[in-house]
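Understanding the architecture of this molecule
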Amino acid sequence: MATMKQEVMQEPKHVIFRDIPIPEVGPDQVLVKIKKIGICGSDIHVYHGTHPYTSYPVTQGHEVSGQIVKVGEYVKDLKEGQRVTIEPQVFCGRCYPCLHGKYNLCEHLKVMGFQTTGTGSEYFAVDSSKITPIPDSMTYSDGAMLEPLAVTVHAAKRFPDVKGANAVVLGCGPIGILLIQSLKALGAKKVMATDISDMRLGLAKQLGADKVVNTKNEDYAAALIETFGPDKADVVYECAGSDITMDQAIQNARKGSTIILVAVFGKKANVDLAKLNDSELDLNTSMMYRHEDFLDAIKFVEEGKVQLKPLQSAHFAFEDFQKAYEFIDNNRETTMKVIVDVDPEEKD
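This write-up is about the structure you can find in this document. (Residues numbered from 1 in each chain as written. Predicted model: local features only at pLDDT ≥ 70, side-chain atom pairs only at ≥ 80, totals over all residues. Heavy atoms only, no water.)

Section: the sheet that holds strand β12 (residues 211-214)
Strand pairing in a sheet relies on backbone hydrogen bonds, with the paired strands running either antiparallel or parallel. Pairing is parallel across the open sheet formed by six strands, whose spatial order is β12-β11-β10-β13-β14-β15. Looking at strand neighbours, the two that pair on one side only are β12 and β15 (282-285), the edges of this open sheet. Within this sheet the neighbouring strands show an average axis-to-axis angle of 20 degrees, counted without direction. Set on the sheet, helix α8 (residues 243-252) makes contact with β10 (166-170), β13 (235-238), β14 (258-261) and β15; between it and β14 the angle comes to about 165 degrees. (Pairing = 2+ DSSP bridges. Helix = DSSP H or I, 4+ residues; strand = E, 2+ residues; numbered from the N terminus. Axes fitted to C-alpha atoms, helices over the stretch in contact; angles between N-to-C directions. Contact = heavy atoms within 4.5 Å.)

Focus on the pattern of salt bridges
Applying the stated rule across the entire model yields 16 salt bridges. The partner of K337 in a salt bridge is E63, and the shortest N-O contact between them spans 2.9 Å. With a gap of 274 residues between them, K337 in strand β17 (residues 337-341) and E63 in strand β4 (residues 63-71) connect regions that are remote in the sequence. Overall, the relative accessible area of 3% leaves K337 in the buried class. Residue E303 is joined to K305 by a salt bridge in which the shortest nitrogen-to-oxygen separation is 3.3 Å. (Salt bridge = Lys/Arg side-chain N within 4 Å of Asp/Glu carboxyl O. Buried < 20%, exposed > 50% of the residue type's maximum accessible area, 1.4 Å probe, protein only.)

Quick notes on the environment of F124
Residue placement: F124 occurs in strand β8 (residues 123-127). Distance from F124 to V25, taken between C-alpha atoms, is 9.2 Å for residues 99 residues apart in sequence. Ignoring any residue separated from it by four or fewer positions in sequence, one finds F124 in contact with V30, L31, V32, I34, I86, M112, T117, G118 and T119.

Some points on the environment of Q251
Secondary-structure assignment places Q251 in helix α8. When its relative accessible area of 31% is taken as the criterion, Q251 is described as partly exposed. Considered as a pair, Q251 and K275 are 24 residues apart in the sequence and their alpha carbons are 6.8 Å apart. Side chain to side chain, Q251 and D272 meet in a polar contact 3.1 Å long. (Polar contact = N/O pair within 3.5 Å; in protein donor to acceptor, adjacent residues only side chain to side chain.)

Brief notes about the packing of aromatic side chains
In the structure shown here, the tally under the stated rule is seven aromatic pairs. Here F17 and F318 contribute two aromatic rings whose centre-to-centre distance is 5.0 Å and whose plane-to-plane angle is 80 degrees, an arrangement assigned as edge-to-face. With F17 in strand β2 (residues 14-21) and F318 in the loop between β16 (312-317) and α11 (321-330), this pair connects stretches of sequence that are 301 residues apart. Judged by its relative accessible area of 27%, F17 is partly exposed. A network of ring pairs unites the aromatic residues F17, Y47, F318, F321 and Y325 as a single cluster. Directly above the aromatic system of Y140 lies the positively charged group of R83, at a separation of 3.9 Å from the ring centroid. (Phe/Tyr/Trp six-rings, centres within 6.5 Å; stacked < 30°, edge-to-face > 60°. Lys NZ or Arg CZ within 6 Å of the ring centre and 35° of its normal.)

Some points on helix α4 (residues 146-157)
Working note: α-helix, 3.6 residues per turn, so residues spaced by three or four point in the same direction. With twelve residues, α4 should reach 16 Å at 1.5 Å per residue; the first-to-last C-alpha distance of 16 Å fits that figure. The buried fraction of α4 amounts to eleven of the twelve residues, a majority that puts the element mostly inside the structure. What α4 keeps buried is the set L146, E147, P148, L149, A150, V151, T152, V153, H154, A155 and A156. (Expected span 1.5 Å × (residues − 1).)

Dropping the structure here:
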C-alpha cells in the first residue's frame with residue numbers, strides 16, 4: 001500500500017510527521033497532490049495553544065494549492081492535471097444560514113486544519129464541491145494565497161457602496177494589505193492605511209494605498225481629515241484586532257458612516273458603545289468568504305489588480321513545518337506570508 005507523509009501538531013509547539021496510506025477517493029471526491037500551504041495568523045494561534053476552537057492533535061493546512069491526480073467516478077467537471085485550490089469550509093447545508101446562501105455562517109461550521117483534518121499532507125482526498133480550479137498561468141504559491149485574498153474580497157464587499165468610496169484600513173498585516181488591494185480592485189476611490197510599522201506601511205503604499213500613516217508618530221484624526229477632507233471616510237475596516245485601533249475608528253468616524261470588523265480579537269474588546277450610538281455608526285463584521293469571493297480573487301490576480309508575490313516572505317520545506325513557525329515568531333515585524341513547499345519538486 002502506497003503511503004504519504006502527513007503533518008500533525010501533537011500539542012502546542014510540537015510538530016511531527018507520520019506515514020499513512022494515500023487516501024482512496026470516493027465517487028464524489030478528487031485526490032489532490034498538495035503543492036503549497038500558507039501559514040496564517042490563526043495557524044499561529046494553534047501553534048501557541050491559544051486558538052479557542054482547536055484541539056490536539058490536529059493536521060493543519062487551509063491555505064492551499066495543488067494538482068488533481070485522480071477523480072471519482074461521479075465527478076464530471078474536473079479532470080486530472082488541473083491546478084486547484086481548496087475551499088476549506090465544511091458546512092451542514094441544512095441550517096438557516098446554509099439554506100439562505102450564507103454557508104460561511106453555518107451553525108455547525110468546521111474549518112479544515114482547525115476542527116477537522118487539514119491539507120497538511122502530500123495528498124488530500126476532498127469532495128469535488130470544495131475544489132476551485134486556478135489558471136495554468138498562476139503559480140502554486142499565489143494559488144495558496146487565494147484563501148486569505150478571498151477573506152478580504154468578502155470583507156471589502158460587506159460595504160455595499162465600495163465603488164467610488166473613501167476607505168480606511170487599520171492594520172497592515174497580510175490581511176490588511178490584501179484588503180487594500182481588494183478595495184482598489186473593486187473600485188474604491190481612495191484608501192488610507194495605518195500601522196505602527198514603517199516596513200509594513202511601505203509595502204502597503206507599494207501595493208496600492210493612496211496614503212499611509214504611522215499612528216505611532218502621526219495623529220490619526222488629523223491624518224483622516226488631511227486625506228479625505230472634513231467629510232472623512234465612508235467606511236473604516238479594522239484589521240488590527242486591538243482596542244486602540246477600534247477606539248480610533250469609533251471616536252473619529254464620520255457620523256452615520258460604517259465600521260467593518262475584519263480582524264479576530266484575541267480577547268473581549270473594550271469599546272465605547274455610547275460614542276458608537278451617539279454617532280449612529282453602523283458596526284458590521286465579516287466572516288470568511290463564499291465561492292464567489294474565490295472567483296473574484298482569481299480574477300483580480302489574473303487582471304493584475306492584486307499582487308501576491310510581494311507578500312511572500314519565506315519558503316520552508318514540508319519537513320521544516322515547525323521551523324516555519326519558529327521563523328515567524330522570530331521575525332514578526334518583517335514577516336508577511338510564509339509558504340510551506342509540500343512538493344519539493346514544484347518551483348514557482
